[in-house]
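# A closer look at the structure
As a plain string of letters, each chain reads:
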Amino acid sequence: MGIVKVSITYIQNNYPEVSITECNSNIIFEGHFVIEARHGDFEIHIAPRLRIQFPKNYPKELPVTFDIDNRITYDHKYTDGSLCLATEIDMVSNLHSSKCIGDYIEGFLIPYFISYEYWKKTGTDIFGDRAHGRQGVFETLRDFLEMPTATELYFLLTWAAKIQNIKRLDKSTQKELSKKYSGKIIRLRTLGIPFLRKQVQILSVPF
């Protein structure tokens, strides 16, 4: 059974109130998503009305979720009503081998609402808070690579993206880093060279 059919079955089984509409390149899941979830001692029981635009070529292209009723007041929401669930690199790295929309919902959408409901009650983010844009990409890569400096991180990202590096590090340092982080570079390359080059462009402003 293909990813689209598996994902439709997942929605039918877990969110029977949600309508399913097929378009040219997407499946649209729309309606009240009943979410009952827990993180530690914090529980949520909510039913936000959402529209998930699920691309048929998932996970090559990722879903986008919209707040239909415009009731979510959170800084992790775009002006078009779509939700900022995580940085793009976080989502691509976690979903690149996904076979079902359930990975997206359980790994990103439900945690988003746990964080949002907790923030409404306490004013703080239960999972921590990634910055948006360039800084968010930097934070994600820094956590993945465990790098001490921005210059070294940029070197490794350009190496992973197969871009000739700007000479910011001496050759001995480059050789040492290449040896130490070769395993992580291999993992990064599974995300696709075009995607990695896009991240390089985002970080292209000199540090």
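Each value, and the rule that gives it
Residues numbered from 1 in each chain as written. Predicted model: local features only at pLDDT ≥ 70, side-chain atom pairs only at ≥ 80, totals over all residues. Heavy atoms only, no water. Helix = DSSP H or I, 4+ residues; strand = E, 2+ residues; numbered from the N terminus. Polar contact = N/O pair within 3.5 Å; in protein donor to acceptor, adjacent residues only side chain to side chain. Pairing = 2+ DSSP bridges. Axes fitted to C-alpha atoms, helices over the stretch in contact; angles between N-to-C directions. Contact = heavy atoms within 4.5 Å. Salt bridge = Lys/Arg side-chain N within 4 Å of Asp/Glu carboxyl O. Buried < 20%, exposed > 50% of the residue type's maximum accessible area, 1.4 Å probe, protein only.

## Concerning the side chain of S82
Here S82 shows up in the loop between β6 (64-67) and α2 (88-95). At 2.6 Å, the side chain of S82 forms a polar contact with the side chain of D80.

## Points about the sheet that holds strand β1 (residues 19-22)
With antiparallel pairing, four strands are arranged side by side in an open sheet as β1-β2-β5-β6. The open sheet has two free edges, formed respectively by β1 and β6, since each of these has just one partner strand. Within this sheet the neighbouring strands show an average axis-to-axis angle of 20°, counted without direction. Looking at chain direction, β1 and strand β2 (residues 26-32) are connected through four bridges and run antiparallel. Along β2, the bridge assignment pairs S19 with E30. Each of β1, β2 and β5 (49-55) touches helix α1 (residues 3-14); the most contacted strand, β2, lies at about 5° to it.

## Thoughts on the pattern of salt bridges
Applying the stated criterion to the full structure yields seven salt bridges. Residue E22 pairs with K56 through a salt bridge whose shortest N-O separation is 2.7 Å. A residue pair is termed long-range when its members are at least 10 positions apart, and E22 in strand β1 and K56 in the loop between β5 and β6 qualify at 34 residues. Residue class for K56 comes out partly exposed when judged on its relative accessible area of 30%. Ionic pairing is found between K120 and E117, a salt bridge with its closest N-O pair at 3.3 Å. Taken together, the residues span about one helical turn, with K120 and E117 both in helix α3 (residues 101-122) at a distance of three residues. We classify K120 as partly exposed; its relative accessible area is 46%.

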